[in-house]
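So the chains spell out like this:
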Amino acid sequence: MEASVSVIIPCYRCSNTIERAVDSVAKQTLRPAEVILVEDGSGDGTLEKLKELQQQYGKEWIKVVALESNSGPSIARNTGWNLASQDFIAFLDADESWHPEKIAIQYSWMIANPQVCLSGHGSYLVLPQYNHLDKLTQLRFDLIGKQEVLTFNPFDTSSVMLKRNMSNRFAPQIKYAEDHFLWMEIYLDNQSESSMYRLNVCTTHIVKYSSGLSSNKLAMRIGGIKNYWYLWLNKKIDLSTMIFYVQYTSLKAVLSILFPKLHLFFKQKLELFLFN
C-alpha cells in the first residue's frame, strides 16, 4: 500500500547528505507514491548522485529534474510541486530526514480530515550518525489560528504536508523566511475553514552537517520583517496589522542579536503558550 503523496526534495550541492534523506523516505511504514528530486544547478557531482539513487530505487518511484542554473529553494520546490502527480505534497530538505512513521501519521490524519489543507510540526536537531526512532505516542493535532501563524512560524518546512491542488506557491522573490510567508498566505487565503493544524510531536530530524542558510540569522530576521510588508502589499493584511508585526518582529530581531539567552527564554515561553 502506498500513500498518494509526492515528496519534493530541492537538491543543491548535497551529494553527501541526499542518500540519508531518500533512505528515510524509502523506510516509511506507509511509503509515498513518488519522490521528486530537483537538482538546483549545483555544478558539482550532485546530479550524478541523484541519478545513482534513481537507478537504485527505480525511475517509477524517483523522478530527477535538473534546473539549468541555480535558482534557489523556492523555485526548486515549486518546480517539483508543479510536476507532482499525487493528491498531497510533502517537503523534505536534502540534509534532513524523517521518522519512519511520519507519512503514515500525517497522511492518515489528513485523509480523515478533508477540510484541512496543511499540517506540520517542529523538528529535532540531530547528529549525522543519530537516528531518532522512538515510538510516537499520544499524538494530537492542534488547530492553528491567525494569531499563531502570524506571530510565529509554526512549522519546519520538512514537516509540512499539504494538498497539491492549492494555487499558492513559494514566492521566488523572497530569499529568507519564504516558508513562513507561504504558510501565512495559505492561512489567510483559507481562514474561513479549519485549514491548518500542528502535530504535537516531531517527525523531522534536521541533521547537523554544516552551517547553511539557517546560520544567517540577521538576514533571516530581516526577511521575516519584509514578509509582513509583502502581505500588506498583496492585500492579505491591513495596514495596522502590518505595522504591529513589523514592530514585533523587529523587537525579536534586536533581542536575538543583543540578548540571545533572553530571546530564547521568551521564544520558548511563546511556543508553550501558542502550541500547547
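Scroll up to find the structure.
Residues numbered from 1 in each chain as written. Predicted model: local features only at pLDDT ≥ 70, side-chain atom pairs only at ≥ 80, totals over all residues. Heavy atoms only, no water.

Student: How should helix H3 (residues 73-83) be read in this particular structure?
Tutor: Each full turn of the α-helix corresponds to 3.6 residues, which orients residues three or four apart in the same direction. Within the span of H3, buried status applies to Ser-74, Ala-76, Arg-77, Asn-78, Thr-79, Gly-80 and Trp-81. The inward-facing, buried residues of H3 abut strand S1 (2-11), strand S2 (31-39), strand S3 (62-66), strand S4 (88-91), strand S9 (161-163) and helix H6 (178-190). (Buried < 20%, exposed > 50% of the residue type's maximum accessible area, 1.4 Å probe, protein only. Helix = DSSP H or I, 4+ residues; strand = E, 2+ residues; numbered from the N terminus. Contact = heavy atoms within 4.5 Å.)

Student: Is there a simple way to explain unusual backbone geometry in this structure?
Tutor: Phi is mostly negative for residues that are not glycine, and the peptide bonds are mostly trans. The residue Arg-13 is not glycine, and still its phi comes out positive at about 45 degrees. Structurally, the position occupied by Arg-13 is in the loop between S1 and helix H1 (18-26). Residue classification places Arg-13 among the exposed residues on the basis of a relative accessible area of 53%. With a phi close to 60 degrees, Ala-177 is a non-glycine residue in the positive phi region. Take Ala-177: it is sitting in the loop between S9 and H6.

Student: Please explain the packing of aromatic side chains as it appears in this structure.
Tutor: What characterises a pair of aromatic rings is the spacing of the ring centres plus the angle enclosed by the ring planes. The tally for this structure, following the rule as stated, stands at 15 aromatic pairs. Between Trp-81 and Phe-91 the ring centres are 5.8 Å apart and the planes differ by 70 degrees, which places this aromatic pair in the edge-to-face class. Remark: Phe-91 occurs in strand S4 and Trp-81 occurs in helix H3; sequence separation between them is 10 residues. The residues Trp-81 and Phe-91 share a single accessibility class, namely buried. Between Phe-170 and Trp-183, the aromatic rings sit 6.0 Å apart at their centres with planes inclined by 70 degrees, giving edge-to-face as the arrangement. Taken together, the residues Phe-170 in the loop between S9 and H6 and Trp-183 in helix H6 connect sequence positions 13 residues apart. (Phe/Tyr/Trp six-rings, centres within 6.5 Å; stacked < 30°, edge-to-face > 60°.)

Student: Mind showing me how you'd approach the pairing of S3 here?
Tutor: Note on strand geometry: in a regular strand, side chains alternate between the two faces of the sheet. Relative to S3, S2 is paired through 5 bridges, and the arrangement is parallel. Bridged to Val-38 within S3 is Val-65. Crossover handedness for the path S2 to helix H2 (residues 46-57) to S3: right-handed. (Pairing = 2+ DSSP bridges. Right-handed = clockwise from strand over helix to strand, strands pointing away.)

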